[in-house]
Amino acid sequence: MSDPKHPKAGDQSIDASDLALVDIMPDHISKLTKLRDGCGKAVGNVLGADPAARKRAGVNEVEVAELGEIWADCQRIDELLPAVEKLCELLHETRLVRGHEVAMKLGEMAHQIRRRAERMPNGTEILAPFSALLDYQFAPAQKAAATREKNRAEGNRSSAPPPPAG
């Protein structure tokens, strides 16, 4: 594992506390000017120019200093992004796997509860405390069965001969 200030892809600890992060609305993104290839060379050109040359060109030294700070933030973000993107991917995939594991455990438990309730004389007492679990687990199958029944009923109506015209 590397330093959280300078993480590598796959690190789980990332420290971006040195950046003043900005949150904007999605519709504002399309209004922002995008950087093009060669931007780094252009920034380097301005920052590396002789102060006398910048003065002759009318470039404000305060703005040059601000450009340097902003560009340093851009480079810092570029350093962090691969690790952040990989961490986001790992979190998403871990959530999917954990969700699968939860679903499997719930399924096993629901089937066990239902089997036990079917064999016991007081089956409803066994089922009652787990109604939310059973509804969650078996609702899709019940909905599918109801849909099949509805489609079967509609199919019977459409296959019946039409009433005589008269």
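### As for the nonpolar core
Step number 1: By size, the foremost hydrophobic cluster in this structure holds 5 residues: Ala110, Ile113, Leu133, Leu134 and Phe138.
Step number 2: Breaking this core down by element, the ones donating at least two residues are helix H4 (61–119) and helix H6 (131–159).
Step number 3: Top element by residues in this core is H6. It accounts for 3 residues.
Step number 4: Setting aside anything within four residues of it in sequence, one finds Leu133 in contact with Leu106, Met109, Ala110 and Ile113.

### Regarding the confidence of the model for the protein
Low-pLDDT portions of the prediction should not be read for the details of their coordinates.
Step number 1: Overall, the prediction assigns the protein a mean pLDDT of 91, with 95% of residues at 70 or greater.
Step number 2: Confidence scores differ between elements of the protein, with H6 showing the lowest mean pLDDT of 85 and helix H2 (residues 39–48) the highest of 97.

### What about the side chain of Asp11?
Step number 1: Here Asp11 is to be found in the segment before helix H1 (26–29).
Step number 2: For the buried residue Asp11, which engages in no salt bridge, the nearest side chain bearing the opposite charge is Lys8, 6.8 Å off.

Calculation rules
- Residues numbered from 1 in each chain as written.
- Predicted model: local features only at pLDDT ≥ 70, side-chain atom pairs only at ≥ 80, totals over all residues.
- Heavy atoms only, no water.
- Core = buried A, V, L, I, M, F, W, Y, C linked by side-chain atoms within 4.5 Å.
- Buried < 20%, exposed > 50% of the residue type's maximum accessible area, 1.4 Å probe, protein only.
- Helix = DSSP H or I, 4+ residues; strand = E, 2+ residues; numbered from the N terminus.
- Contact = heavy atoms within 4.5 Å.
- pLDDT = per-residue confidence, 0-100.
- Lys, Arg positive; Asp, Glu negative; His and termini not counted.
- Salt bridge = Lys/Arg side-chain N within 4 Å of Asp/Glu carboxyl O.

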